[in-house]
Amino acid sequence: MPDPDVVIVGAGAAGLSLAYHLCAPGGAVPLSVVLVDAPPGPLRPPPRTWCYWEPPGGAYDSALAASWPRLRVRAADGAATVTEPTPYRYKMLRSDAFEALVGRRLSGVASFRRIEATVTAVRDAPDGGGEVLGQDGRVLVRGRRVFDSRPPGRLPPARTTLLQHFMGWFVRTERPTFDPTTADLMDFRTTQPARGLSFGYVLPLDPHTALVEYTEFSPAPLSTEDYLRALRHYTQEVLKLGEFRVAAQERGVIPMTDGHFPRHAGRSVHRIGTAGGATRPSTGYTFAAVQRQSRSVADRLRAGRGLRMPAPYGARPRAMDAVMLRALDSGRVDGSDFFTRLFRGVPAARLLRFLDGSSHLHEDLLIGLRTPVAPMLRTVLELPFLTRREPPHPLPPPTGHEKSTP
C-alpha cells in the first residue's frame, strides 16, 4: 500500500472518532487512512465508559448503554437539585459498543487499513510527511499527516495541576433501588479530602443496575484500598443499597490543568484527544470536544483544504477554568458548595453549554455572578503573577472508565 494520506496512532476515543469522520461517505477528496492500534496488553486501554450531553438523535445513539433526561446534584446535607436540561440528554457510551459501531462503518471502506503495532515514537519524516516508529526503531508506516492520540506521559507546566481520579462499580442490587430517568452527576455526601473535593456519581441502567463511582479532584490518586473503602462507605452508608453484587469495576485518572497542550508535534504530526488539549480542565470531560475536533479536521481534509488544527476550547473558557482550578486548589472556595450553587442557580441547559465551552459572553457573566465573587476576583488578580511549574509526578496510565464530553 502506498503511503496513506492519514495515519492515526491509537484506537481510543480520539483515534476511532477521527477515523469514523474521515471515512464517512462522500467528500470531495478521497482519503486513504491507516489506524495503528496497540496490540493486546498494557498499552491497549481497557474497556471504559464515556459520558456526554447532546440532544437526542446523535450519531452514536444506536450504541448508547443508556441516556437520561434528568440530572441531580446532592449537597453535603443531602438536599437535592433536579434539573431537566432540555434539549440535552446525558448519554453513556461504552468503549466496546463504540468500537463496534465504528468498525461497522470502516469495514466497508477500501481505503482504510488497521494494523497492530507497538509505537515508540512519531516524528516528521526527512522527506516530508510524518512517520511512525516501532520498538526496534524501524519505520512502521509513513503518511502525509500523522495524528497521535496516545495519552501524554507527562503533563505540561502549569500554575495549577489537579487530577480527577475515581473508581466505580457496576452494581446489581437485590431490590429496585435506582431511578432510570435520573443521573446523579455529583453527590457531595462523601467524606471531603483535605485539599480539593470528592463526590459520588450514579448512572442507573435499570432499577436494579447502575454504575456507582467515587470521584476526587485532588493532587494525587488514592491507593486501591482507599478507593474501596470510599466506595463501600458510599454504597452502604450513603446510598444504603442493601445487598448487591459488583459485576465490573472501572478506575481512571484524568488531568485537570491550566497547562498548554501543544496540538502539533511537528510540521506533519498533530496531537489529538487528551494529548491535544481536548480534556476540559474544570470538569475532566473529553468526548464531546474530541468529536468537535475530529469533525473539523475531517471536514477540512475531505474538502481538500489546508489543515488548521482547531483548539478544543476557546481562550475565555480556558481562562475561566484556570481561575476555578486555582480557587479550588488554594481552598478559597469550597468545592461542594461551589458546584451545588451553580446547579441550583443556573438554568440547566445554560450551565451545560458553559461546561461544554460553548456558552456566550453574557451567559458566562450571569454564571459568574452565581460563584463566590470575592475569592474568584482575588484569584483573577493573582494568576498573572504565578509561575508555571512542571508537575511533580508523571500522569498515571489510563486504567479504566473515562467520563468525557464537552
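Owing to the predicted nature of the structure, the values given are computational and were not obtained by experimental measurement.

Scoring rules and cut-offs
- Residues numbered from 1 in each chain as written.
- Predicted model: local features only at pLDDT ≥ 70, side-chain atom pairs only at ≥ 80, totals over all residues.
- Heavy atoms only, no water.
- Pairing = 2+ DSSP bridges.
- Helix = DSSP H or I, 4+ residues; strand = E, 2+ residues; numbered from the N terminus.
- Axes fitted to C-alpha atoms, helices over the stretch in contact; angles between N-to-C directions.
- Contact = heavy atoms within 4.5 Å.
- Polar contact = N/O pair within 3.5 Å; in protein donor to acceptor, adjacent residues only side chain to side chain.
- Core = buried A, V, L, I, M, F, W, Y, C linked by side-chain atoms within 4.5 Å.
- Buried < 20%, exposed > 50% of the residue type's maximum accessible area, 1.4 Å probe, protein only.
- Salt bridge = Lys/Arg side-chain N within 4 Å of Asp/Glu carboxyl O.

Draft legend 1. A look at the sheet that holds strand 12 (residues 145–148). Read across the open sheet, the five strands follow the order 8-2-1-12-18; overall the sheet is parallel. With one partner strand each, in any of the chains shown, strand 8 (112–116) and strand 18 (269–271) form the two edges of the open sheet. The sheet shows a mean angle of 20° between the axes of neighbouring strands, direction not considered. Sheet contacts for helix 1 (residues 13–22): strand 1 (6–9), strand 2 (33–37), strand 8 and strand 12; angle to strand 1, the most-contacted strand, approximately 155°.

Draft legend 2. View of the sheet that holds strand 13 (residues 161–173). On the basis of which strands lie adjacent, the open sheet formed by seven strands has the order 6-5-14-15-16-13-17 and mixed pairing. Two strands in the sheet have a free side with no partner beyond their single neighbour: strand 6 (80–83) and strand 17 (244–257). In this sheet, neighbouring strand axes are inclined to one another by 15° on average, regardless of whether the strands run parallel or antiparallel. Taken together, the two bridges between strand 14 (residues 182–187) and strand 15 (residues 197–206) define a ladder with antiparallel strand orientation. Among the inter-strand pairings, Asp-184 is bridged to a residue of strand 15, identified as Val-202. Here helix 3 (residues 224–238) sits on the sheet and contacts strand 13, strand 14, strand 15, strand 16 (209–218) and strand 17; the angle it forms with strand 13, its principal contact strand, is near 50°.

Draft legend 3. Representation of the side chain of Glu-213. Relative to the elements of secondary structure, Glu-213 occurs in strand 16. Polar contacts involving the side chain of Glu-213 include one to the side chain of Thr-215, which spans 2.7 Å.

Draft legend 4. Up close: the nonpolar core. Formed by 43 residues in total, the largest nonpolar core has its most connected members in Tyr-90, Leu-185, Leu-203, Phe-217 and Phe-339. For this core, the element with the most residues is helix 5 (residues 315–330), which contributes six residues. Within the second largest apolar cluster, 38 residues are counted, among which are Ala-14, Leu-16, Leu-22 and Val-33.

Draft legend 5. Up close: unusual backbone geometry. The linkage connecting Thr-86 with the following residue, Pro-87, adopts the cis geometry, with an omega of 15°. The residue Pro-87 is located in the loop between strand 6 and strand 7 (89–94) in this model.

Draft legend 6. Spotlight on the pattern of salt bridges. Inspection of every chain in the model, using the stated rule, returns 29 salt bridges. Put simply, Arg-72 and Asp-184 hold a salt bridge, and the shortest N to O gap is 2.7 Å. Remark: Asp-184 occurs in strand 14 and Arg-72 occurs in strand 5 (residues 70–74); sequence separation between them is 112 residues. With a relative accessible area of 17%, Arg-72 lands in the buried category. Two residues, Glu-250 and Arg-94, come together in a salt bridge whose shortest N-O distance is 2.1 Å. Taken together, the residues span a long stretch of sequence, with Glu-250 in strand 17 and Arg-94 in strand 7 at a distance of 156 residues. Summarising the burial analysis for this pair, Glu-250 and Arg-94 share the class buried. Linked through salt bridges whose partners overlap, the residues forming this network are Asp-37, Arg-44, Glu-99, Arg-114 and Glu-116.

It is worth stressing that arrangement in space is one thing and function is another; only the former is reported here.
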